[in-house]
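Given next are the chains, with one letter for each unit.
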Protein chains: 2
Amino acid sequence: MTNSVDTLLIPGPIILSGAVQKALDVPSLGHTSPEFVSIFQRVLKNTRTVFKSDAASKSQPFVLAGSGTLGWDVFASNFALSKAPNKKVLVVSTGTFSDRFADCLRSYGAEVDVVEPLKIGEAVPLELIAEKLSQNNYGALTVTHVDTSTAVLSDVKAISQVIKQKSPETFFVVDGVCSVGCEEFEFDEWGMDFALTASQKAVGAPAGLSIFVCSSRFMDYTLNDSVNGQVHGYFSSLRRWTPIMQDYEAGRGAYFATPPVQLINSLDVALKEVLEEGLSKRWDSHREMSDWFKDSLVNDLKLTSVAKYPSNMSAHGLTAVYVADPPSVIAFLKSHGIVIAGGIHKVIGPKYIRIGHMGVTACDKNLPYMKNCFNLIKLALQRKK
Amino acid sequence: MTNSVDTLLIPGPIILSGAVQKALDVPSLGHTSPEFVSIFQRVLKNTRTVFKSDAASKSQPFVLAGSGTLGWDVFASNFALSKAPNKKVLVVSTGTFSDRFADCLRSYGAEVDVVEPLKIGEAVPLELIAEKLSQNNYGALTVTHVDTSTAVLSDVKAISQVIKQKSPETFFVVDGVCSVGCEEFEFDEWGMDFALTASQKAVGAPAGLSIFVCSSRFMDYTLNDSVNGQVHGYFSSLRRWTPIMQDYEAGRGAYFATPPVQLINSLDVALKEVLEEGLSKRWDSHREMSDWFKDSLVNDLKLTSVAKYPSNMSAHGLTAVYVADPPSVIAFLKSHGIVIAGGIHKVIGPKYIRIGHMGVTACDKNLPYMKNCFNLIKLALQRKK
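This structure is a prediction, so every number in the text was calculated from the model and none was measured. (Residues numbered from 1 in each chain as written. Chains lettered and ligands numbered in written order. Predicted model: local features only at pLDDT ≥ 70, side-chain atom pairs only at ≥ 80, totals over all residues. Heavy atoms only, no water.)

1. Points about the side chain of Thr 170 of chain A
All names here are of chain A. As a reminder of what qualifies: The helix count covers DSSP runs of H or I at least four residues long, the strand count covers runs of E at least two residues long, and both are numbered beginning at the N terminus. The definition of a polar contact used here is a pair of N or O atoms within 3.5 Å, where within protein one atom must be able to donate a hydrogen and the other to accept one, and adjacent residues in sequence count solely through side-chain atom pairs. We call two residues contacting when some pair of their heavy atoms lies within 4.5 Å.
For Thr 170, the location among the structural elements is in the loop between helix H6 (156-166) and strand E8 (171-175). A polar side-chain atom of Thr 170 sits 2.8 Å from the main-chain carbonyl oxygen of Tyr 138. Within polar-contact distance, the side chain of Thr 170 engages the side chain of Ser 167 at 2.5 Å. Not counting residues within four places of it along the chain, the set of residues in contact with Thr 170 comprises Tyr 138, Gly 139, Ala 140, Leu 141, Ile 163, Asp 193 and Arg 217.

Shown next, in the form of structure tokens:
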């Protein structure tokens, strides 16, 4: 791998800050050494903070070696392989990643209903969700806060209120893979029971870590002998991991499987950077960059956003826009050293491009990446005329 | 994390070579970019070579974000959640990690028989294994090549011959976590169906990757609709990952879950170093270092090895020896900047210490780590007299 790499503007993995990247280049530490325990302890505490969950709520943070996808498995297996009778899940789908979560749930035997928006690029109307919750008894509801395939932002706060009114016993599960660290996110306040992200997204760390938080209510469920007396599965079992995470957070080493010490050291630096900047300020930075970029594409270049824009259904960590010939735009940018992504939606996949703007790309105002990206998209489109 | 860290002589994570550590400090790459595809392609090809499996055998290598433990889940879930009728597994146990693999298998519903050695520290007699295979119809047999809890080395080649004679249809599963890269290991020649390791052991890479190879026979089983028509599980599903790994090995990007690009870049350098040295030479280097260290402890210091020594039941990547007061020895070494591990066996756990000597520690003859370690153990024991 050379050091003269392209500017990576896909919706994850994202460009790392210099300090985060440098934090990978450290010798291996013993996984139960006092030095590593203190790093992992801080990571778990800061994970709570970034998810906006207070230790007093008795929620439980987890950081495991794996991909974001593993978080789906953890919820799906601990929920659906339990002895609890209600395995019915309502999936609020705004794109490919919501549908994949549904697929994961089904693979563990959950009975899945999917509710979709009226039109691709919109969020699912709250009334549809309310109606479903009134008609059925769901054990869980999942929503993908930002579906990375469409850049649709769902109103998690509003959905939490609908659940509270219509079906308060339903577990509220939020896929925050493209949102934690760049969108307003309130684990405790919005009554989430399980929320997940991946390290290579808006928390600004390298890929390779699955990060999630469980509410005390979901922990009671999953650790309850009458519900989960027989442990199902192993690497994704919350019963196996809970004492490990509790020990590390309390400052004691513990072992179930070896943690990736360099990745966790890098995540430690990333989370510190997020919290030093301040969560609200970071959300604002992403919003400002996103608004500028989307305004430029939509108003100056007359492009159409996949996620309705302007609206409150539009993500702030990435942009998806229709262009006439996506491969040529992607290739033109690549030839100028900028990597963006194509569409991946089952219906509209070949018709649009996706540009990620999470982490330093959005927060460090001195970086010219997004301006350069816009100029190159403009050039690419002019060339086609 | 400071740079003046202790010398890490636990049986994994191990000390990285300078180049392997440095290979972590690279910018994020797009996971389907040509640059990353070429790295991952080489990693998969070299994984085959390190496991001694030829592409012509139609085996399939996998490298996933996760811990070594995840490899157990992959075998256990794909084997035991299938529709195939025979879920009976014979676990050849030589310590804690063999027992944990048994636990993992049970958690997916496998019916597990465990066969143990006559005495802790020995391998399981081949006659016992043969007897079990004659009396029962096992779908799979698992053996932990080196059990990291006891440093017992099992004779995988001899076990493979017993299987071939007594029960050739039984899947042969080898946990090579403390052996691939430091012990003679022949995936194809010894008729393995599933073998796994973890990145932070003798292949010399950072923790965070689960590495395993499946035989064509096991691939046929797991991809067979009548056996596995309904996909079970998600992140550990071979059905999901197989097309991804096949695409990367063929030089095409593919996506199921985001690979940890920096870790894979580092593993790439580690595997190249292993193969540049040459596998046979590397096995010899580990054997030489191990013999010297064990001879010194057993002959000079009159210590007793947990795994019978000298014998062919003794591992070459780590040493486990009984000492009168393990915590004081461990603390004395730590106070002199060397980190070793305690025992973790259910019966003899508190009575011994474990020292890892995998990777550069064994192969780079200029490094003084093992000599220093021996001298400090000697000093620690003299102080106690």
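2. Some points on the relation of the copies chain B and chain A
To go from the first copy of the chain to the second, apply a rotation about an axis and then a shift along the same axis. Filter applied, for reference: The copies were overlaid by least squares, fitting only the C-alpha atoms of residues that reach a pLDDT of 70 or more in each copy.
Expressed as a screw operation, the relation of chain B to chain A combines 0.0 Å of axial shift with a rotation of 180°, fitting to an RMSD of 0.0 Å. The transformation relating the two chain copies, once decomposed into turn and shift, fits a two-fold axis. Rotation axis and chain B: the residue whose C-alpha lies nearest the axis is Gly 66 of chain B, separated from it by 2.2 Å. Of the interface residues in chain B, 100% have counterparts in chain A that sit at the interface too, so the contact is made through matching surfaces.

3. Observations regarding the interface of chain B and chain A
Rules: Buried area, as used here, totals the accessible surface that two parts lose on assembly, with accessibility defined by a 1.4 Å probe and the loss added over both. Salt bridge, as used here: a side-chain nitrogen of Lys or Arg that lies within 4 Å of a carboxyl oxygen of Asp or Glu. Gly is placed with the polar residues, together with every amino acid not listed as nonpolar (Ala, Val, Leu, Ile, Met, Phe, Trp, Tyr, Cys and Pro) or charged (Asp, Glu, Lys and Arg).
Counting residues at the interface gives 58 residues for chain B, matched by 58 residues for chain A. Summed over both sides, the interface between chain B and chain A buries roughly 4,800 Å², with carbon and sulfur atoms accounting for 59% of that surface. The tally of links from chain B across to chain A stands at six salt bridges. In this structure, the salt-bridge partner of Lys 334 of chain B is Glu 35 of chain A, at a minimum N-O distance of 3.0 Å. Linking chain B with chain A are 20 residue pairs in polar contact (both at pLDDT 80 or more). Broken down by secondary-structure element, the contributors of at least two residues to the side of chain B that touches chain A are helix H1 (18-22), helix H2 (34-51), helix H3 (68-80), helix H4 (96-107) and helix H10 (261-277) of chain B. If you tally residues by element for the side of chain B that touches chain A, the top one is H4 of chain B, at five residues. Per-class residue counts for the side of chain B that touches chain A are 31 nonpolar, 18 polar and nine charged.

4. Considerations on the UniProt feature "binding site: substrate" (unreviewed entry) in chain A
Residue and element names in this part refer to chain A. The test is simple: UniProt positions are given in the numbering used here, feature names are shortened, and annotations may be inferred rather than shown by experiment. Each residue gets one of three labels from its accessible area relative to the maximum for its type: buried under 20%, exposed over 50%, partly exposed in between, using a 1.4 Å probe on protein chains only.
Here the UniProt-annotated "binding site: substrate" (unreviewed entry) positions come out as Arg 354. By secondary structure assignment, the location of Arg 354 is in strand E15 (residues 352-356). The exposure class of Arg 354 is buried, given its relative accessible area of 8%. Setting aside anything within four residues of it in sequence, one finds Arg 354 in contact with Leu 9, Pro 11, Thr 148, Ser 149, Thr 319, Ala 320, Ile 340, Ala 341, Gly 342, Gly 343 and Ile 344.

5. Considerations on the pairing of strand E2 (residues 60-65) of chain A
All names here are of chain A. How we decide: Only strands joined by at least two bridges in the DSSP assignment are considered to pair.
Taking burial as the measure, the six residues of E2 include six buried ones, the bulk of the element. Burial of E2 is two-sided: the residues Gln 60, Phe 62 and Leu 64 facing one way and the residues Pro 61, Val 63 and Ala 65 facing the other way are all buried. Strand direction decides the pairing type here: E2 and strand E10 (residues 209-214), joined by six bridges, are antiparallel. Residue pairing across strands places Pro 61 opposite Val 213, the latter belonging to E10.

6. A closer look at the packing of aromatic side chains
Put simply, the test is: Between 30 and 60 degrees the pair is tilted, below 30 it is stacked and above 60 it is edge-to-face, where a pair is any two Phe, Tyr or Trp rings, Trp via its six-membered ring, whose centres lie within 6.5 Å. Definition used: whenever NZ (Lys) or CZ (Arg) falls within 6 Å of the ring centre and also within 35 degrees of the ring normal, the charge is taken to sit over that ring.
If you walk through the whole model with that rule in mind, you get 48 aromatic pairs over all chains. With centroids separated by 5.7 Å and ring planes inclined at 90°, the aromatic side chains of Phe 51 of chain A and Phe 185 of chain A adopt a geometry described as edge-to-face. Residue Phe 51 of chain A is found in helix H2 (residues 34-51), and its partner Phe 185 of chain A is found in the loop between E8 and strand E9 (194-198); the two are separated by 134 residues along the sequence. Summarising the burial analysis for this pair, Phe 51 of chain A and Phe 185 of chain A share the class buried. For the ring pair Trp 292 of chain B and Phe 374 of chain B, a centre distance of 6.0 Å and an interplane angle of 70° mean the geometry is edge-to-face. Placement of Trp 292 of chain B in helix H11 (residues 279-300) and of Phe 374 of chain B in helix H14 (residues 369-384) is noted, with a sequence separation of 82 residues between them. Of the residues examined, Trp 292 of chain B reaches a relative accessible area of 30% and is grouped as partly exposed. By relative accessible area, which is 7% here, Phe 374 of chain B ends up buried. Of the aromatic side chains, those joined through ring pairs into one cluster are Phe 62, Phe 75, Phe 79, Phe 171, Phe 194, Phe 212, Phe 218 and Tyr 221 of chain A. Positioned above the aromatic ring of Phe 97 of chain A is the side chain of Arg 100 of chain A, whose terminal nitrogen or guanidinium carbon lies 5.4 Å from the ring centre.

7. Thoughts on the environment of Gly 359 of chain B
All names here are of chain B. Tracing the sequence through the fold places Gly 359 in the loop between strand E15 (352-356) and helix H13 (360-363). The exposure class of Gly 359 is buried, given its relative accessible area of 2%. When the C-alpha atoms of Gly 359 and Ile 15 are compared, they prove to be 7.4 Å apart, with 344 residues separating the residues in sequence. Beyond its immediate chain neighbours, meaning those up to four positions away, Gly 359 contacts Ile 14, Arg 282 and His 286.

8. Overview of the packing of helix H7 (residues 216-223) of chain A against helix H9 (residues 238-249) of chain A
Residues and elements named next belong to chain A. For clarity, the threshold we go by: Between N-to-C directions, angles span 0 to 180 degrees; the directions come from axes that are lines fitted to C-alpha atoms, helices contributing only their stretch in contact. To sort the angles, those under 35 degrees are grouped as roughly parallel, those over 145 as roughly antiparallel, those from 65 to 115 as roughly perpendicular, and the leftovers as oblique. Should the near helix be turned anticlockwise from the far one by less than a right angle, the crossing is left-handed, and should it be turned clockwise, the crossing is right-handed.
Contact geometry for H7 and H9: axes closest at 10 Å, N-to-C directions at 125°. Regarding the angle of H7 to H9, the classification is oblique. As H7 packs across H9, the resulting crossing turns out to be left-handed. Here Phe 218, Met 219, Thr 222 and Leu 223 of H7 lie close against H9, whose contacting residues are Leu 238, Arg 239 and Thr 242. Considering only residue class, the contact of H7 with H9 consists of four nonpolar, two polar and one charged.

9. What about the confidence of the model for chain A?
For residues with low pLDDT, the predicted coordinates do not support detailed interpretation. For the record, the criterion: The predictor attaches a confidence to each residue, called pLDDT, with possible values from 0 through 100.
Taken residue by residue, chain A gives an average pLDDT of 96. The fraction at 70 or more is 97%. Prediction confidence for the complex, expressed as pTM and ipTM, is 0.97 and 0.97 respectively.

10. Focus on the packing of H2 of chain A against helix H10 (residues 261-277) of chain A
Residue and element names in this part refer to chain A. Across the interface, H2 lies against H10 with an axial gap of 9 Å and an inter-helix angle of 45°. Judged by the angle between their axes, H2 and H10 are oblique. Handedness of the H2/H10 crossing: left-handed. Seen from H2, the contacting residues are Phe 36, Ile 39, Phe 40, Arg 42, Val 43, Asn 46, Thr 47, Thr 49 and Val 50; seen from H10, they are Val 261, Ile 264, Asn 265, Leu 267, Asp 268, Leu 271, Lys 272, Val 274 and Leu 275. Classifying every residue of the contact of H2 with H10 gives eleven nonpolar, four polar and three charged.

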